[in-house]
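Breakdown of the fold
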Amino acid sequence: MRRALPLMAALLLLLSACSSAPRASDTVFAMDTVMSLDIWGREEDLQAAEDLIRSLDASLSATAEGSDIYNLNASSAWDVSPDTARLISRALEICALTGGALDVTVYPAVLAWGFTIGDYRVPDKPELEKIAETVDYSAVELDGVSVKLPEGVMLDLGAVAKGWTGDRCAELLRSRGVESALLNLGGNVHALGSKPDGSPWRVGVRDPFGESYLLALEVRDCAVVTSGGYERYFEEGGVTYHHILDPDTCAPARSGLASVTVVGPEGVLCDGLSTALFVMGLDRAAALWRECEGFECVFVTDGGEVYITSGLASGATLADGYEDIELQVISRD
Amino acid sequence: MIKSRTFVYIISAIFLLSLALAAYLLLRPAPGRVAEIRSDGVLIRSVDLDLVRKPERLTVTSEWGENVVLIEPGRICVESADCPDGVCVASGWLDGAAPIVCLPHRLVITLTGGGSDVDAVTG
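Note that the structure is a prediction, hence the values are computed from the model and not measured.

So, about the overall build of chain B. Scanning chain B for helices and strands turns up 2 helices and 8 strands. N-terminal to C-terminal, the α/β element order of chain B is α-β-β-β-β-β-α-β-β-β. Within chain B, the fraction of its 123 residues that count as buried is 26%.

Shown next, in the form of structure tokens:
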């Protein structure tokens, strides 16, 4: 027995080294969607992330009375919180990077189409042209925490808020010592670290024409964000109108793409780019990718072709039932 | 003599027991596809779809409204609901890619095990 003791102690040590942090999960209803949080950490860490999500929702929502953005749109000049100012500043940079294919002032058009509360209608051409005159991100004046909007211009951070939330949650969790977490913010996925066993997270890219996912990407410390016309749309007179509006025309973007997925370490950039690249179409989107660093993409065209940028190609596997698809790799040169 | 016979019996019993245990571990049915029904984040029912024998209707009532969940052998959907948008009913049968969500009523039905080899799906 005495001889067995050190052996047992060694065994116990080995076993305890194997066990990872406990898993804490919850579902959060916020930002007009359902979010699932899986955190390998303590309940307090999960609670802290939830509190952060609710506070970001309360300050960034364009529709919630009393939010920074609501107040700004109602008064045209408002001092927002330092946090909101940081996001506005980053969002305006992304608008500039995409040459206005992402425009955070397209909100009057979103309202006209009824995409905010679901009372859908098709605005006529003169109405859209009139609205298009007010859509211009460069007209937003940001000075510290003071924001000024010209007459008729409205700000909406919906295209970047979830990506930003993913970044902020990951930052918070990391500072609390969490090394592994998967945040699914309404289909906007943010993976912190790798899986508890050290292997990469596997994130599926949804088939825009079906109910399943068509390929899986292996990622670590990355956001994976998809924009697609299938996410929110309505039909009228046999025509389908989806929610991704082209800031130039203020009508649904018809660029030949069915969905765009952007992968990268910065969630807010991925979020904003997924919308912008969808508006730009495959050729312009690929050109922008070649000019920039910090993100990779998957494009699915209206014809069902799948294009993937070279940085992702090695970590992508086609799902069961999609083996026949030929992945077309876009390279840097 | 008696002592060694007892010894043989004990060894045989242990051998047979471990054989039975090995057979059980190897042959037991793999955990099937389990649908989890949550209302406002609280798990209210967990159903192994592969063990369902006859159709069943489950009415989930919350402070926001009512959803009627239809459970059939191997599949599950929201059959009807008094929510304003009806997205949950239009979603059809649950699959591995995306959960069925009724946002206004905070009802979520997810599939775990068997169905999917990814950790999350975007979009």
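What follows continues from the structure just given.
Attention now goes to the overall build of chain A. Check the secondary structure of chain A and you find 10 helices and 17 strands. In summary, chain A has a C-alpha radius of gyration of 22 Å against a globular reference of 20 Å for 333 residues, a match within 12%. Structurally, chain A occupies a C-alpha span of about 90 × 50 × 40 Å along its principal axes. Looking at chain A residue by residue over its 333 residues, the buried ones come to 44%. Within chain A, counting contacts between residues at least 6 apart in sequence, those at least 24 apart form 59% of the total.

Each assigned domain of chain B is listed with its residue range as follows: domain 1 (1-30) and domain 2 (34-112). Taking the mean C-alpha position of each, domain 1 of chain B and domain 2 of chain B sit 45 Å from one another.

Read from one edge of the open sheet, 4 strands run 16(A)-9(A)-8(A)-8(B), paired in mixed fashion. Of all strands in the sheet, those bounded by a partner on one side alone are strand 16 (316-318) of chain A together with strand 8 (120-121) of chain B. Bridge analysis of strand 8 (residues 201-206) of chain A against strand 8 of chain B gives 2 bridges, and the strand direction is parallel. In the strand pairing of strand 8 of chain B, A:G204 is matched with B:V121.

Time to look at the confidence of the model for chain A. Mean pLDDT for chain A: 92, with 94% of residues reaching 70 or above. Segment residues 13-19 of chain A is flagged for pLDDT under 50; beyond a separation of four residues in sequence, or across chains, it makes 0 contacts in the model.

Phi at A:S76 is positive, roughly 70°, even though this residue is not glycine. Counting through the fold element by element, A:S76 comes out in the loop between helix 3 (68-75) and strand 3 (77-79). A tally of 14 C-beta atoms within 10 Å means that A:S76 is categorised as partly exposed. Positive phi is not limited to glycine here, since B:R106 has a value of about 55°. With respect to the secondary-structure elements, B:R106 resides in the loop between strand 6 (100-102) and strand 7 (107-112).

All names here are of chain B. In spatial order, the strands read 2-1-7-6; together these 4 strands make up an open sheet with antiparallel pairing. Looking at the sheet topology across the chains shown, the edges are occupied by strand 2 (42-48) and strand 6. Along the sheet, successive strands turn relative to each other by an average axial angle of 15°, direction set aside. Where strand 1 (residues 34-39) and strand 7 come together, 6 bridges link them in antiparallel fashion. Residue S39 lies in a different strand from strand 7, and its bridge partner there is L107.

The next point concerns the interface of chain B and chain A. Often, the extent of an interface is quoted as the loss of accessible area upon association of its parts. Taken residue by residue, the interface counts 17 residues in chain B and 27 residues in chain A. For the side of chain B that touches chain A, the per-class residue count stands at 7 nonpolar, 4 polar and 6 charged.

The rules behind the values
Residues numbered from 1 in each chain as written. Chains lettered and ligands numbered in written order. Predicted model: local features only at pLDDT ≥ 70, side-chain atom pairs only at ≥ 80, totals over all residues. Helix = DSSP H or I, 4+ residues; strand = E, 2+ residues; numbered from the N terminus. Buried ≥ 20, exposed ≤ 12 C-beta atoms within 10 Å, placed from the backbone. Rg over C-alpha atoms; globule rule 2.2 N^0.38 Å. Contact = placed C-beta atoms within 7 Å. Domains from an automatic or database assignment. Pairing = 2+ DSSP bridges. pLDDT = per-residue confidence, 0-100. Axes fitted to C-alpha atoms, helices over the stretch in contact; angles between N-to-C directions. Nonpolar A, V, L, I, M, F, W, Y, C, P; charged D, E, K, R; others polar.

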